[in-house]
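Examining the three-dimensional arrangement
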Amino acid sequence: MSVLIKLRDCNSFSAAEAGVRDYILRNSRSVLKQTIYDVARLSFTSPATVSRMCKRLGVSSFQEFKVRLAEEVDHYEHLSLDLLDSTTLNRDDDVSVVVEKITNIEVAAIEETRLLIDHSIISRVIDLIRGSSVIDFYGVGASNLVAMDAHSKFMRVGKCSIVFQQYDRQYVQALNSDPNHMAVIFSYSGETAEMIKIAGILKRQGVPMVSITKSDRNSLSALADYPLFVTARETLRRSGAMASRSAMLYIVDIIYSMYLLTDYDALTERVSRTLISN
């Protein structure tokens with residue numbers, strides 16, 4: 001998982017740790033040549049604070065952090081991705097400006113999400129899909145639209161899948177699930193109350209769970225057996241991350257494509273057979 005994205009998106013830093021975070025994000029390449037004492041001095045904190053920040057990211061030491069940082073800096077510069085970009089729509093934007101902004105935001109969400117993908121978890125999810133009798137998809141609001149898209153894809157290849165729009169039906173479906181089912185739960189924040197309640201039921205029922213949430217620590221990913229992460233930036237001030245839907249659909253497309261490859265000829269033939277022509 002990208003250490004830079006985790007660094008930017010983490011909301012659980014103390015004020016001092018956030019100061020270190022801000023310094024590193026603005027001076028990523030310079031940090032590669034600096035010691036922990038340099039970073040502490042230049043961020044007006046202490047070596048202990050820098051060390052704590054690294055551990056909060058799941059990195060054992062500042063030296064390990066620098067190794068992982070070095071692997072990412074060139075990649076970000078090559079893709080011209082700006083981690084600190086805060087592009088938002090403004091009241092007076094015209095069509096050409098909106099087209100440019102939304103394109104850049106959506107592309108950045110997918111490029112950054114690619115850096116968060118754990119290939120080993122994707123492989124384990126594919127094995128889980130193959131061994132499960134039913135895939136249950138869960139989500140509310142915009143996340144339910146992603147769940148419906150996933151359901152449609154897997155239905156076309158003959159995999160039994162279920163999705164409901166109404167929360168009360170999702171709740172009943174969770175109660176009726178057993179370990180022969182698997183669940184995929186979508187919630188960008190990872191804190192959607194209804195989805196956390198569903199996850200608790202599934203946990204008690206022994207149903208394997210895949211979560212797709214943002215990269216910062218959250219309640220849903222902590223409950224899931226197979227947590228996958230996406231990232232997106234706020235598009236309208238105080239209105240959340242519009243591109244999160246695109247990022248989650250991107251993960252769905254990867255999982256679906258990998259499943260197709262498990263029996264390419266038979267499954268692509270099913271897709272062709274279920275094509276509805278006008």
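Right, let's walk through the structure included here. (Residues numbered from 1 in each chain as written. Predicted model: local features only at pLDDT ≥ 70, side-chain atom pairs only at ≥ 80, totals over all residues. Heavy atoms only, no water.)

What follows deals with the state of the cysteines. In the structure shown here, the tally under the stated rule is zero disulfides. Unpaired in terms of disulfides, Cys54 finds its nearest cysteine sulfur in Cys10, a separation of 12 Å. (Disulfide = S-S within 2.5 Å.)

Across the five residues that make up strand 1 (residues 134-138), a large majority, five, are buried. With burial as the criterion, each face of strand 1 is covered, one bearing Val134, Asp136 and Tyr138 and the other bearing Ile135 and Phe137. In this structure, strand 1 lies alongside strand 3 (residues 181-186), joined through five bridges in parallel fashion. Along strand 3, the bridge assignment pairs Asp136 with Ala183. In the sheet, strand 1 pairs with strand 2 (residues 161-163) via three bridges, with the strands oriented parallel. Of the residues in strand 2, the one forming a bridge with Phe137 is Val163. (Buried < 20%, exposed > 50% of the residue type's maximum accessible area, 1.4 Å probe, protein only. Helix = DSSP H or I, 4+ residues; strand = E, 2+ residues; numbered from the N terminus. Pairing = 2+ DSSP bridges.)

This part is about helix 7 (residues 95-116). With 22 residues, helix 7 extends 32 Å between its outermost C-alpha atoms, agreeing within 8% with the 32 Å of an ideal straight helix rising 1.5 Å per residue. Three or more residues of helix 7 are buried, namely Lys101, Ile105, Glu106, Ala108, Ala109, Glu111, Glu112, Thr113 and Leu116. (Expected span 1.5 Å × (residues − 1).)

A few words now on unusual backbone geometry. In most cases, non-glycine residues show a negative phi, while peptide bonds are predominantly trans. Phi at Phe44 takes a positive value of approximately 60 degrees, unusual for a residue other than glycine. Given a relative accessible area of 76%, Phe44 falls into the exposed group.

On to a nonpolar patch on the surface, then. Side chains of Met258, Leu261 and Tyr264 sit close together on the surface and give an oily, nonpolar patch of about 320 Å² of accessible area. The residue Met258 is located in helix 13 (residues 244-260) in this model. (Patch = residues over 30% accessible without salt bridge, like charges linked within 9 Å, V, L, I, M, F, W, Y side chains within 5 Å. Areas by Shrake-Rupley, 256 points an atom, 1.4 Å probe, with all protein chains shown as cover. Salt bridge = Lys/Arg side-chain N within 4 Å of Asp/Glu carboxyl O.)

Put simply, helix 10 (residues 167-175) and helix 11 (residues 193-205) touch, their axes get as near as 9 Å, and they point 15 degrees apart. With respect to each other, helix 10 and helix 11 are oriented roughly parallel. Considering only the axes of helix 10 and helix 11, their crossing is right-handed. When helix 10 is examined against helix 11, the residues Tyr167, Gln170, Tyr171, Ala174 and Leu175 are found in contact with a partner set consisting of Glu194, Met195, Lys197, Ile198, Ile201, Leu202 and Gln205. Among the residues making up the contact of helix 10 with helix 11, the classes are represented as eight nonpolar, two polar and two charged. (Axes fitted to C-alpha atoms, helices over the stretch in contact; angles between N-to-C directions. Parallel < 35°, antiparallel > 145°, perpendicular 65-115°, else oblique. Left-handed = near helix turned anticlockwise from the far one by under 90°. Contact = heavy atoms within 4.5 Å. Nonpolar A, V, L, I, M, F, W, Y, C, P; charged D, E, K, R; others polar.)

Attention now moves to the packing of aromatic side chains. The final tally for this structure, using the stated rule, is six aromatic pairs. Considering the side-chain rings of Phe154 and Tyr259, the 5.6 Å spacing of their centres and the 50 degrees angle between planes classify their relative orientation as tilted. Taken together, the residues span a long stretch of sequence, with Phe154 in helix 9 (residues 142-156) and Tyr259 in helix 13 at a distance of 105 residues. As far as the burial class goes, Phe154 and Tyr259 line up, both buried. (Phe/Tyr/Trp six-rings, centres within 6.5 Å; stacked < 30°, edge-to-face > 60°.)

Another point: the sheet that holds strand 1. With parallel pairing, five strands are arranged side by side in an open sheet as 2-1-3-4-5. Unpaired on one side and paired on the other, strand 2 and strand 5 (226-230) mark the two borders of the sheet. With direction set aside, neighbouring strand axes in the sheet form an average angle of 20 degrees. One ladder, built from four bridges, connects strand 3 with strand 4 (residues 209-214); its direction is parallel. Note that in strand 4 the partner of Ile185 across the bridge is Ser211.

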